[in-house]
Amino acid sequence: MSKKIAVFSSKPYDEEQLQKALSDDALQFTFFEPKLTWQTVALAKGFDGVCCFVNDVVDADVVKALADYGIKIIAMRCAGFNNIDLNACSAHEIALARVPEYSPCAVAEHAVALILDLNRNIHRAFSRVRENDYSLNGLMGFSLHGKTVAVIGGGKIGIAFIKIMKGFGCRVLCFDPKPSDELKSMDIEIVELGSIWEQSDIISLHCPLVKQTYHLINSNSLSQMKDGVMLINTSRGALIDTPAVIAALKTGRVGYLGLDVYEEEADLFFEDNSNEVLQDDIFARLTTFKNVVITGHQAFFTEEALKAIAETTVTNLSSFFSGDLDAVNFVNKY
Ligand code: NAI
C-alpha cells in the first residue's frame, strides 16, 4: 500500500517536480500550500510522513502532535534543518532526513550574481534605462580582479564559490573550523575570523546557522571591517544582526549588501504580499538603500536543483519505508 506523505509549504513547482520524481506507487503525495506550524499541524493527521521546507516551524509542540498522528519521518526538501527541534524528534522517535547536496553551484552562482549586480550597479542601471536615463553618475563600479574575497564556511557551496572567485583573479581568504582536505588543497588562505574582518573587500557567508554563527555579523565584527566592505549572505538570515548592518550602511562602513536570506523572512518570503502593507520596519529600511540588493531566498531556485531536491526526497522517503535505511540521508534516525 502506498505511504501517504503530506507536503507542506508546497508551491506548483514543488508539486510538478515531486510528482515527476515518483517512479512507482510506493508514495502518494498530498500537497498543502500552508507552512507546517502549530496552526496547520492537524493537516498531517492520517499521513505516514511529512515533507517540509526552510520556513516550516517544526518546534517541540509540532513534533509531539506529529508523533500523536503516527508520523514516522520528516523529509526536508533542503539541506538546512535549523527550523526543526531535533531533541523532540529523537524523544518522539521521528526520523529526520534532508537533501544534503543538490546544487552547490546554484547557490554559489547566485552569491556571485549579487556581487556583480552590486559592484556594477546593474539594478540601478536597469531602472535608469527604462526611464530613458543613460547618465552614468553614481554607477561607478570596481574591478574584482586582485580584490580580497572572504568565504566564511568552506563546505560544498563555499568551495563552488571559491572556484568562481579564483576565476575572477581574486585573493581568497576562508574561515572554517573544520576545513576539509579539498579546501586545504585549494590555492587560498585559511585564516581566523579576525583576519577576515580586517583584510576583506568582500565577505560571503556560506556557513550553517548554529549557536556559534548566530549574529556573526554584528556591531563588533562590523567595527573591525574595512570601510565600504561588501557583505553577501545567501546562507541563513540570522547570521546577520540586521539593525547593526543598517547602522553600518548609514555610516558607509558597509558599502554594499547582497541578501538572499533575512532573519525574519518566514513572514515575508515565498509569498506574493504585494497587496499588503509591509509591517517589518527593519526590512523596510533595508529596501531604501541604493547599495542593498535583496532576493527572496531564491539562490537554490534552478531547474537542476529542484529536480535533484525532488529525486533525493523521493529516495529518502521510499527507502525509509522500504527499510533500505542506508539509502536515506538521515539527520538522525531518531
Ligand atoms: P556544508 O555542510 O557543505 O558546509 C558548511 C561549512 O560550514 C562546513 O565546511 C563547516 O565546517 C562550516 N562551518 C561549520 N560551523 C562553522 C562556523 N562556526 N564558522 C564557519 N564555518 C562553519 O553546507 P553547504 O551545502 O555548503 O551549505 C551552506 C549553507 O548554505 C547551509 O547551511 C544553508 O544555510 C545555506 N543554503 C542556502 C540556500 C539558499 O537557497 N539561499 C540553499 C542551500 C543552502
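Residues numbered from 1 in each chain as written. Predicted model: local features only at pLDDT ≥ 70, side-chain atom pairs only at ≥ 80, totals over all residues. Heavy atoms only, no water.

Some words on the environment of Cys 78
Structurally, Cys 78 can be placed in the loop between strand E4 (73–76) and helix H3 (86–91). Taking C-alpha positions, Cys 78 is 8.3 Å from Cys 52, a pair spaced 26 residues apart along the chain. (Helix = DSSP H or I, 4+ residues; strand = E, 2+ residues; numbered from the N terminus.)

Quick notes on the sheet that holds strand E3 (residues 49–52)
Read across the sheet, six strands follow the order E2-E1-E3-E4-E5-E13 without closing on themselves; strand pairing throughout is mixed. Both edges of this open sheet fall to strand E2 (27–31) and strand E13 (330–332), since each of them pairs with a single strand only. This sheet shows a mean twist of 25 degrees between the axes of neighbouring strands, independent of strand direction. Sitting on the sheet, helix H1 (residues 12–21) is in contact with strand E1 (3–7) and E2, with an inclination near 175 degrees to E2. On the sheet, helix H12 (residues 303–322) packs against E1, E2, E3, E4, strand E5 (95–97) and E13 and is oriented at approximately 160 degrees with respect to E4. (Pairing = 2+ DSSP bridges. Axes fitted to C-alpha atoms, helices over the stretch in contact; angles between N-to-C directions. Contact = heavy atoms within 4.5 Å.)

A closer look at the domain arrangement of the protein chain
Taken domain by domain, the protein chain comprises domain 1 (3–102 + 302–332) and domain 2 (104–294). Here the C-alpha centre of domain 2 lies 30 Å away from the C-alpha centre of domain 1. Between domain 1 and domain 2, the contact holds 12 residues from the first and nine residues from the second. Taken together, the links from domain 1 to domain 2 amount to one salt bridge. In this structure, Glu 271 engages Lys 11 in a salt bridge whose closest nitrogen and oxygen atoms are separated by 3.1 Å. If you look at where domain 1 meets domain 2, you find five residue pairs in polar contact (both at pLDDT 80 or more). Considering only residue class, the side of domain 1 that touches domain 2 consists of five nonpolar, four polar and three charged. (Domains from an automatic or database assignment. Salt bridge = Lys/Arg side-chain N within 4 Å of Asp/Glu carboxyl O. Polar contact = N/O pair within 3.5 Å; in protein donor to acceptor, adjacent residues only side chain to side chain. Nonpolar A, V, L, I, M, F, W, Y, C, P; charged D, E, K, R; others polar.)

Looking at the site of the ligand
Not every one of the 23 residues close to the ligand is listed here, only the nearest: Tyr 102, Lys 156, Ile 157, Asp 176 and Thr 234. Here a nitrogen atom of the ligand sits 3.1 Å away from a polar atom, N or O, in the side chain of Asp 260. (Near = heavy atom within 4 Å.)

A few points about the sheet that holds strand E7 (residues 171–175)
Reading across from one edge, E8-E7-E6-E9-E10-E11-E12 is the order of the seven strands in this open sheet, with parallel pairing throughout. For this open sheet the edge positions go to strand E8 (189–190) and strand E12 (292–294), each flanked by a neighbour on one side alone. Sheet topology note: the strand E6 (residues 148–152)/strand E9 (residues 202–205) ladder contains four bridges and is parallel. Residue pairing in the sheet places Ala 150 in a bridge with Ile 203 of E9. Against the sheet, helix H4 (residues 104–120) makes contact with E9, strand E10 (229–233), strand E11 (254–259) and E12, and its axis sits at roughly 145 degrees relative to E10, the strand it touches most. Against the sheet, helix H6 (residues 156–167) engages E6, E7 and E9, with an angle of about 170 degrees to E6.

A short note on unusual backbone geometry
In the Ramachandran plot, His 215 falls in the positive-phi region, its phi being about 50 degrees despite a non-glycine side chain. By the secondary structure assignment, His 215 is in the loop between E9 and helix H9 (219–223). With a phi angle near 55 degrees, His 297 is a residue other than glycine that sits in the positive phi range. Examined against the element boundaries, His 297 turns out to sit in the loop between E12 and H12.

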